[in-house]
Amino acid sequence: METRIALIGIIVEDINATEKLNSILHEYGEYIIGRMGIPYREKKISVISIVVDATNDVISSLSGKLGMIKGINVKTMYSKSGK
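What comes next is a walk through the structure. Numbering of residues begins from 1 in every chain and follows the order in which that chain's sequence is written. Totals for whole chains, interfaces and linings use all residues, but because this is a predicted model, local features are given only for residues with pLDDT of at least 70 and pairs of side-chain atoms are given and counted only at 80 or more. Think of the side-chain values as coming from all heavy atoms in the structure, minus any hydrogens and water.

Looking at the packing of aromatic side chains
Phase 1 of the analysis: Centres within 6.5 Å make a pair out of two Phe, Tyr or Trp rings, where for Trp the six-membered ring is used; the pair is then stacked when the planes are under 30 degrees apart, edge-to-face when over 60, and tilted otherwise. Throughout the structure, instances matching the rule amount to one aromatic pair.
Phase 2 of the analysis: Each ring, one from Tyr 28 and one from Tyr 31, has its centre 6.4 Å from the other, and the planes form 45°; the classification is tilted.
Phase 3 of the analysis: Only protein chains enter the accessibility calculation, which uses a 1.4 Å probe; a residue is then buried when its area is under 20% of its type maximum, exposed when over 50%, and partly exposed in between. Judged by relative accessible area, which is 8%, Tyr 28 ranks as buried.

Here you go:
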């Protein structure tokens with residue numbers, strides 16, 4: 001099955017949401033090829049970038065689960081092809 005590269009941008013506005021966030025990311029760990037987190041203490045938020053290599057269904061599932069967490073904003077950008 002063909003996979004695609006996607007970048008998932010996450011803004012954490014509620015620190016209490018990080019336990020659920022990390023649990024979901026651990027669940028999809030086999031698809032994650034990179035992760036970068038930046039705490040922005042002055043604004044009391046964190047910005048996280050996740051790069052995944054997975055099928056469209058897996059990426060959509062991950063993004064959907066993350067998007068349902070209260071206190072987190074998620075946007076996903078897909079590569080044009082799997083190459």
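Description of helix H1 (residues 18-27)
Phase 1 of the analysis: Note on conventions: DSSP H or I runs of at least 4 residues are helices, E runs of at least 2 residues are strands, and numbering of each starts at the N terminus. Every buried residue of H1 is listed here: Leu 21, Ile 24 and Leu 25. For H1, the angular spread of the buried residues around the axis is 100°, confining them to a single face. Turned more than 90 degrees away from the buried face of H1 sit Glu 19 and His 26, all of them exposed.
Phase 2 of the analysis: It only takes one pair of heavy atoms within 4.5 Å for two residues to be counted as in contact. Buried positions along H1 lie against strand E1 (4-12), strand E2 (32-40), strand E3 (45-54), helix H2 (56-67) and strand E4 (72-78). Throughout, the arc means that of the directions going from the helix axis to the C-beta atoms.

Let's talk about the sheet that holds E2
Phase 1 of the analysis: Should DSSP find at least two bridges between two strands, the strands are taken to pair. Ordered in space as E2-E3-E1-E4, the four strands form an open sheet in which the pairing is antiparallel. Each edge of the sheet is formed by a strand with only one pairing partner; in this case those strands are E2 and E4. Averaged over all adjacent pairs, the angle separating strand axes in this sheet is 15°, with direction ignored.
Phase 2 of the analysis: Where E2 and E3 come together, eight bridges link them in antiparallel fashion. Pairing of Met 36 across the sheet is with Ser 49, part of E3.
Phase 3 of the analysis: Fitted lines through C-alpha atoms serve as axes, helices being fitted only where they are in contact, and the angles separating the N-to-C directions of these axes extend from 0 to 180 degrees. The strands touched by H2 within the sheet are E1, E3 and E4, with E4 carrying the most contacts at an inclination of about 165°.

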